[in-house]
Amino acid sequence: MRRWDFVAAYLQGDLETNEVVHCHAPPGYATLGADGRPRICRVEKPVYGMAQAGRCWQRSLFPWLLQFGFTQCKSDPCVFTMTRDISGVSHQL
């Protein structure tokens, strides 16, 4: 069995076009605006710790795997397989 580890995988996804996510200002940034009100930030890319981060990465990865010939397992949709014939021997990837 072979598996891949993607470095910073959750940072590779994209938020949906109509998906708007806000958060508090990160440490080191001013937390209050000039008017004294708390400052919030609009998130443009998913980051670790966001509830949506895993789903964003999934939306990017799954179509890529299917495009390259992997088959999605029906009993566990997070598992993908690929069968290749190499020198007359069938290999399951």
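Residues numbered from 1 in each chain as written. Predicted model: local features only at pLDDT ≥ 70, side-chain atom pairs only at ≥ 80, totals over all residues. Heavy atoms only, no water.

Asks: Run through the overall build of the protein chain, naming residues and quoting values.
Replies: Each helix and strand counted, the protein chain has one helix and six strands in total. For the protein chain, the residues scored as buried account for 20% of the 93 residues in total. A sequence separation of at least 24 residues applies to 41% of the contacts in the protein chain between residues at least 6 apart. Summed over all atoms, the accessible surface of the protein chain reaches about 7700 Å², with 56% contributed by carbon and sulfur. (Helix = DSSP H or I, 4+ residues; strand = E, 2+ residues; numbered from the N terminus. Buried < 20%, exposed > 50% of the residue type's maximum accessible area, 1.4 Å probe, protein only. Contact = heavy atoms within 4.5 Å. Areas by Shrake-Rupley, 256 points an atom, 1.4 Å probe, with all protein chains shown as cover.)

Asks: Report on the confidence of the model for the protein chain, specifying residues and quantitative values.
Replies: In the predicted model, the protein chain carries a mean pLDDT of 78, and the fraction of residues at 70 or more is 81%. For the protein chain, per-element mean pLDDT is lowest for strand E6 (residues 89-92), which scores 58, and highest for strand E3 (residues 71-72), which scores 88. (pLDDT = per-residue confidence, 0-100.)

Asks: Provide a residue-level description of the pattern of salt bridges, including the pertinent values.
Replies: Taken as a whole and assessed by the stated rule, the structure comprises one salt bridge. Residues Asp35 and Arg37 are paired through a salt bridge, measuring 3.8 Å at the closest nitrogen-oxygen approach. With respect to burial, Asp35 and Arg37 carry one shared label: exposed. (Salt bridge = Lys/Arg side-chain N within 4 Å of Asp/Glu carboxyl O.)

Asks: Which residues make up the packing of aromatic side chains, and what are the values?
Replies: The way to describe two aromatic rings as a pair is by their centre distance and the angle between their planes. This model, assessed by the stated rule, comprises two aromatic pairs. Seen from their ring centres, Phe62 and Phe80 are 4.8 Å apart, and the 70 degrees between their planes marks the pair as edge-to-face. A residue pair is termed long-range when its members are at least 10 positions apart, and Phe62 in helix H1 (residues 53-67) and Phe80 in strand E4 (residues 80-81) qualify at 18 residues. Across the pair, exposure class does not vary: Phe62 and Phe80 are buried alike. (Phe/Tyr/Trp six-rings, centres within 6.5 Å; stacked < 30°, edge-to-face > 60°.)

Asks: Which residues make up H1, and what values do they have?
Replies: In this model, H1 (15 residues) spans 22 Å end to end at C-alpha, consistent with the 21 Å of a helix rising 1.5 Å per residue. Among all positions in H1, only Ala53, Cys56, Trp57, Leu61, Phe62 and Leu65 are buried. Against the buried residues of H1 lie E3 and E4. Directly after H1, the chain includes Gly69, whose backbone phi takes a positive value near 95 degrees. (Expected span 1.5 Å × (residues − 1).)

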